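An overview of the molecular structure
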Amino acid sequence: MLIETMTRQASIALLDRTRLARLAYVRDGQPHIVPMSFAYDAECLYSFSTLGEKIVSMRANPRVCVEADELINVEKWETAIVQGRYEELPDTPRYDADRRHAHTLPQRRPVWWEPGYVKTIIDGKERPLELLYFRVHIDRISGRRGVP
Ligand SMILES: Cc1cc2nc3c(=O)[nH]c(=O)nc-3n(C[C@H](O)[C@H](O)[C@H](O)COP(=O)(O)OP(=O)(O)OC[C@H]3O[C@@H](n4cnc5c(N)ncnc54)[C@H](O)[C@@H]3O)c2cc1C
């Protein structure tokens, strides 16, 4: 097996065709990571969530990292890593068009809605189902692939 660097275009193509990624954020100096659904569009990754630790943390520190991969087998795989910036799309007139766009993107694959917008009960408390849209601006991207 060889491991080779992917072009920016190939890395973006990977982000475009995968839906599940890992989002890393920093809370009080400690990195955290969660699986997340994303949709790539125009140098950004779009997603949605209810209010919890990751949203609170990204509001405080918008520097994030996202990893996406396609693992066929141990010799054949592609991974892309993004360093980027969190931007919330609040429910204000200025963000109307962006929110509509963020709303439309996942509907191409309806199953996406499930984990991002589902009744969540943590420590016996039910979380309010207030939908938040956000995007990650891609500042830097790198890709590697394993070739048999
Ligand atoms: C396939 C898939 C797709 C998903 N897509 C989305 C999405 O599009 N939008 C979305 O908001 N969420 C999505 N999730 C759920 C996501 O991984 C988080 O569990 C969820 O967003 C809650 O995050 P939070 O920061 O609000 O957690 P909180 O409820 O505030 O809890 C924070 C703490 O709980 C723990 N924790 C949180 N999530 C997980 C986890 N998944 N596994 C283990 N420990 C965890 C960590 O220790 C973290 O520090 C997806 C999950 C899966 C498996």
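**Some words on unusual backbone geometry**
- We note that aspartate 28 has phi near 50 degrees; this positive angle belongs to a residue other than glycine.
- For aspartate 28, the location among the structural elements is in the loop between β2 (20–27) and β3 (30–37).

**So, the pattern of salt bridges**
- For the structure on display, the rule yields 12 salt bridges.
- The partner of arginine 22 in a salt bridge is aspartate 69, with the nearest N and O atoms 3.7 Å apart. In this pair, arginine 22 sits in strand β2 while aspartate 69 sits in strand β6 (residues 63–73), placing the two residues 47 residues apart along the sequence.
- Under the relative-accessibility criterion, arginine 22 is labelled partly exposed at 30%.
- Note that aspartate 139 and arginine 63 form a salt bridge whose closest N and O atoms lie 2.7 Å from each other. Of the two residues, aspartate 139 is situated in strand β10 (residues 132–147) and arginine 63 in strand β6; the sequence distance between them amounts to 76 residues.
- Judged by relative accessible area, which is 44%, aspartate 139 ranks as partly exposed.
- Overall, the relative accessible area of 43% leaves arginine 63 in the partly exposed class.
- Bridged by salt links that share partners, the residues Glu4, Arg17, Glu70, Glu78 and Arg145 form one connected network.

**With respect to the nonpolar core**
- Counting 25 residues, the largest nonpolar core has Leu15, Phe38, Leu45, Met58, Val66, Phe134 and Ile138 as its most contacted members.
- Among the secondary structure elements, those contributing two or more residues to this core are α1 (8–17), β2, α2 (53–60), β6, β7 (76–89) and β10.
- Element by element, the count of residues in this core is highest for β10, at 5 residues.
- With sequence-adjacent residues up to four places away left out, methionine 58 is seen in contact with Leu23, Tyr25, Val64, Tyr86 and Phe134.
- Listed in part, the 10 residues of the second largest apolar core include Phe48, Tyr95, Ala102 and Leu105.

**Digging into the packing of aromatic side chains**
- What the rule picks out here adds up to 2 aromatic pairs.
- A centroid spacing of 6.3 Å and a plane angle of 90 degrees characterise the contact between phenylalanine 38 and phenylalanine 134, whose relative ring orientation is edge-to-face. Of the two residues, phenylalanine 38 sits in the loop between β3 and β4 (39–41) while phenylalanine 134 sits in strand β10, which places them 96 residues apart along the sequence. There is no split in this pair, since phenylalanine 38 and phenylalanine 134 are both buried.
- Each ring, one from tyrosine 86 and one from phenylalanine 134, has its centre 5.3 Å from the other, and the planes form 45 degrees; the classification is tilted. Here tyrosine 86, found in strand β7, pairs with phenylalanine 134, found in strand β10; they are 48 residues apart in sequence, far enough to count as distant.
- Its relative accessible area of 7% is what places tyrosine 86 among the buried residues.

**Some details on the confidence of the model for the chain**
- Taken over all residues, the pLDDT of the chain has a mean of 90, while the share at 70 or more is 86%.
- Averaged pLDDT values for the elements of the chain fall to 56 in helix α4 (residues 113–116) and rise to 98 in β7.

**Regarding the side chain of histidine 137**
- Residue position: histidine 137 is located in strand β10.
- Within polar-contact distance, the side chain of histidine 137 engages the side chain of glutamate 87 at 2.7 Å.
- Not counting the four nearest positions on each side in its chain, histidine 137 is found in contact with Glu43, Cys44, Gln83, Gly84, Arg85 and Glu87.

Rules of the game
Residues numbered from 1 in each chain as written. Predicted model: local features only at pLDDT ≥ 70, side-chain atom pairs only at ≥ 80, totals over all residues. Heavy atoms only, no water. Helix = DSSP H or I, 4+ residues; strand = E, 2+ residues; numbered from the N terminus. Salt bridge = Lys/Arg side-chain N within 4 Å of Asp/Glu carboxyl O. Buried < 20%, exposed > 50% of the residue type's maximum accessible area, 1.4 Å probe, protein only. Core = buried A, V, L, I, M, F, W, Y, C linked by side-chain atoms within 4.5 Å. Contact = heavy atoms within 4.5 Å. Phe/Tyr/Trp six-rings, centres within 6.5 Å; stacked < 30°, edge-to-face > 60°. pLDDT = per-residue confidence, 0-100. Polar contact = N/O pair within 3.5 Å; in protein donor to acceptor, adjacent residues only side chain to side chain.

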